[in-house]
Amino acid sequence: MHDYDLLVVGSANADLVVGVDRRPAAGETVLGSDLVIHPGGKGANQAVAAARLGARTALLARVGDDAYGRMLLDAQRAAGVDTVGVLVGGAPTGVALITVDPSGDNSIVVSPGANARLAPADVRAAGSLLAAARVVSLQLEIPLETVGAVVRTVGPGTRVVLNPSPPAPLPSDVLSACDPLVVNEHEARVLLAGHPAGREDAPEVWASALLSRGPRSVVVTLGAAGALVADRHGTVRVAGPKVAAVDTTGAGDAFTGALAYRLGAGDALETAVRFAVRVGAAAVTRPGAQESFPTAGEVPAP
């Protein structure tokens, strides 16, 4: 029996957000809006996104013993996430510095803090938590060796979803566990650096090249255009609904959390992606990351 539809193993950050008319060039200073602080981090975001949709969700992460850490724990619990796996202390809570321009596009710099201290030993100590999950979702705001420890710890009945963000070269055992590997255009091109496919502009080409490296399936997110699904049976494009974007912060996490949840609930990959693109579209219509994530009743109809 699985106690959780989804276990997210990843980062938890305080998002420090400033709106700007335009993002500064090198050496340039621009004035922005008042600072707003939101709970964030790719791991914490995905956990909240899934829980808001109704998933039985747990988070394995590390935060500091400080005000930001307490804010993040409160946000997880308020969303219905089980925080039994959240470790406290060892370093200050991670922080993300985010600028958002009028189009809703953002630029982000992350100071990992406690996220960098989430270690393989923490994963081994949480073996029962991993065994209780139908799906485990991962990102790369925690050490790659910790991601590898998760892949080696999960049982054969647990599905692994990985969003390699920020992108980095992935070991073969991590790649082969991904079902799916979820990438945006930037992440796909970085993973394919030096490969001819990385110079192409076709998501189908990126997906095919990434599949050849070992993952069981690949999903390429395409922003407002939706997403592309690829596995050994072929590729399918999934269109996204048209919405007025306000802030894209966290939209990819909303997509991935929704996708992982629906896979844990038993959906086929394409069906799960069709749901996830609608969740991601809903998230960009409101400011912030976790605050923008919809409940099941707020997801646009197909």
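Values in this document were obtained by computation on a predicted structure and should not be read as measured data.

Lay out helix 9 (residues 251-264) with the relevant residues and their values.
For an α-helix the count is 3.6 residues per turn, leaving residues at separations of three or four pointing the same way. In this model helix 9 runs 20 Å from its N-terminal to its C-terminal C-alpha over 14 residues, within 8% of the 20 Å that 1.5 Å per residue would give. For helix 9, the buried fraction is high: 13 of the 14 residues fall into the buried class.

Describe the environment of Arg 213, and please don't skip the residues or the numbers.
Looking at where Arg 213 falls in the secondary structure, it is placed in the loop between helix 8 (203-211) and strand 11 (217-221). When its relative accessible area of 35% is taken as the criterion, Arg 213 is described as partly exposed. Once the C-alpha coordinates of Arg 213 and Ser 176 are considered, the two residues, 37 residues apart in sequence, prove to be 7.8 Å apart. Not counting chain neighbours up to four residues away, the residues in contact with Arg 213 comprise Leu 175, Leu 191, Leu 192 and His 195.

How would you sum up the side chain of Asp 101? Please name residues and give values.
Along the chain, the position of Asp 101 falls in the loop between strand 6 (94-100) and strand 7 (106-111). Asp 101 gets classed as buried once you look at its relative accessible area, which sits at 13%. Separated by 3.3 Å, the side chains of Asp 101 and Arg 23 make a polar contact. In this structure, Asp 101 is in contact with Val 20, Asp 21 and Arg 23, ignoring residues within four places of it in sequence.

Got a sec to walk through the sheet that holds strand 6? Specific residues and values, please.
Spatially, 3-2-6-7 is the arrangement adopted by the 4 strands of the open sheet, whose pairing is mixed. With partners counted over all chains shown, the strands left at the sheet margins are strand 3 (36-40) and strand 7, one partner each. Between one strand and the next, the sheet's axes are offset by a mean angle of 25 degrees, whatever the strand orientation. Seen against the sheet, helix 2 (residues 67-79) touches strand 2 (13-19), strand 3 and strand 6 and runs at an angle of roughly 60 degrees to strand 3.

Could you give me a rundown of the pattern of salt bridges, with the residues and numbers involved?
Scanning the model with the defined rule gives 14 salt bridges in all. Here Arg 70 makes a salt bridge to Asp 65, at a shortest N to O gap of 3.7 Å. Note on Arg 70: relative accessible area 47%, which makes it partly exposed. By relative accessible area, which is 61% here, Asp 65 ends up exposed. One salt bridge in this structure joins Arg 189 and Glu 185, with 3.1 Å as the shortest N-O distance. Highlighted residues: Arg 189 and Glu 185, both in helix 7 (residues 185-191), separated by 4 residues, approximately one helical turn. Accessibility expressed as a relative area gives 23% for Arg 189, which makes it partly exposed. For Glu 185, a relative accessible area of 41% corresponds to the partly exposed category. One connected set of salt bridges, linked through shared partners, spans Glu 185, Arg 189 and Asp 201.

How each quantity is defined
Residues numbered from 1 in each chain as written. Predicted model: local features only at pLDDT ≥ 70, side-chain atom pairs only at ≥ 80, totals over all residues. Heavy atoms only, no water. Helix = DSSP H or I, 4+ residues; strand = E, 2+ residues; numbered from the N terminus. Expected span 1.5 Å × (residues − 1). Buried < 20%, exposed > 50% of the residue type's maximum accessible area, 1.4 Å probe, protein only. Contact = heavy atoms within 4.5 Å. Polar contact = N/O pair within 3.5 Å; in protein donor to acceptor, adjacent residues only side chain to side chain. Pairing = 2+ DSSP bridges. Axes fitted to C-alpha atoms, helices over the stretch in contact; angles between N-to-C directions. Salt bridge = Lys/Arg side-chain N within 4 Å of Asp/Glu carboxyl O.

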